[in-house]
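So you can see what is in the structure, the chains are spelled out below.
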Amino acid sequence: MKEHSFTLILARDPSDDESDLLYGKIDDGTISTIAGVPQISFHRESDSLESAIRSALSDVQSSGFPVSKVEIEPNSVLQAS
């Protein structure tokens, strides 16, 4: 399996308790707010970039957080090919 890097942009900032809930579901992501934008940066192992993103979306959304977009570094896309 390969490690894939991407960022999920959250629709809102999680509280401390909500962050704890998220960290209970994910162990390969870091929650942060950069320039007022709440996000989770992932380094997820999976067979494909698509499956890594889908599983991360599922984990985050099942915790009650809507995701407004996914950001992928261009190099990550090239490496996933």
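Residues numbered from 1 in each chain as written. Predicted model: local features only at pLDDT ≥ 70, side-chain atom pairs only at ≥ 80, totals over all residues. Heavy atoms only, no water.

K.L.:
Give me the sheet that holds strand 1 (residues 2–10): which residues, what numbers.
P.N.:
The four strands lie next to each other as 2-3-1-4, forming an open sheet whose pairing is antiparallel. Here the strands that pair on one side only, and so sit at the sheet edges, are strand 2 (29–34) and strand 4 (67–71). This sheet shows a mean twist of 25° between the axes of neighbouring strands, independent of strand direction. The sheet contact formed by strand 2 and strand 3 (residues 37–46) spans six bridges and is antiparallel. When the sheet's bridge partners are listed, Gly-29 is paired in strand 3 with Phe-42. In this fold helix 2 (residues 49–62) packs onto strand 1, strand 3 and strand 4, with an angle of close to 40° to the strand it touches most, strand 1. (Pairing = 2+ DSSP bridges. Helix = DSSP H or I, 4+ residues; strand = E, 2+ residues; numbered from the N terminus. Axes fitted to C-alpha atoms, helices over the stretch in contact; angles between N-to-C directions. Contact = heavy atoms within 4.5 Å.)

K.L.:
Help me get a handle on unusual backbone geometry, residues and values and all.
P.N.:
Residue Ala-35 is not a glycine yet carries a positive backbone phi of 55°. Residue placement: Ala-35 occurs in the loop between strand 2 and strand 3.

K.L.:
Lay out the environment of Leu-57 in plain terms, naming residues and giving numbers.
P.N.:
One can find Leu-57 in helix 2. For the pair Leu-57 and Val-67, spaced 10 residues apart in the sequence, the C-alpha separation amounts to 7.4 Å. Each residue touching Leu-57, except ones within four places of it in the same chain, is listed here: Leu-8, Val-67 and Val-70.

K.L.:
Quick one: what's the story with the packing of aromatic side chains, residue by residue and with numbers?
P.N.:
Taken as a whole and assessed by the stated rule, the structure comprises one aromatic pair. Here Phe-6 and Phe-42 contribute two aromatic rings whose centre-to-centre distance is 5.4 Å and whose plane-to-plane angle is 15°, an arrangement assigned as stacked. Linking Phe-6 in strand 1 with Phe-42 in strand 3, this pair joins segments that are 36 residues apart in sequence. The class of Phe-42 is buried, set by a relative accessible area of 1%. (Phe/Tyr/Trp six-rings, centres within 6.5 Å; stacked < 30°, edge-to-face > 60°. Buried < 20%, exposed > 50% of the residue type's maximum accessible area, 1.4 Å probe, protein only.)

K.L.:
Tell me about the side chain of Ser-46, and name the residues and values.
P.N.:
Position of Ser-46 relative to the elements: it lies in strand 3. For Ser-46, a relative accessible area of 10% corresponds to the buried category. Once residues within four sequence positions are removed from consideration, Ser-46 is found in contact with Met-1, Lys-2, His-4, Ser-51 and Ala-52.

K.L.:
If you had to explain the pattern of salt bridges to someone new, which residues and values would you point to?
P.N.:
Pairing between side chains of opposite charge can happen when the charged atoms of each approach one another. Applying the stated criterion across every chain, the model contains five salt bridges. Close ionic contact of Arg-12 with Glu-18 constitutes a salt bridge, the shortest N to O distance being 3.1 Å. When its relative accessible area of 35% is taken as the criterion, Arg-12 is described as partly exposed. Here Glu-18 falls in the partly exposed class, since its relative accessible area comes to 24%. Linked through salt bridges whose partners overlap, the residues forming this network are Asp-28, Arg-44 and Asp-59. (Salt bridge = Lys/Arg side-chain N within 4 Å of Asp/Glu carboxyl O.)

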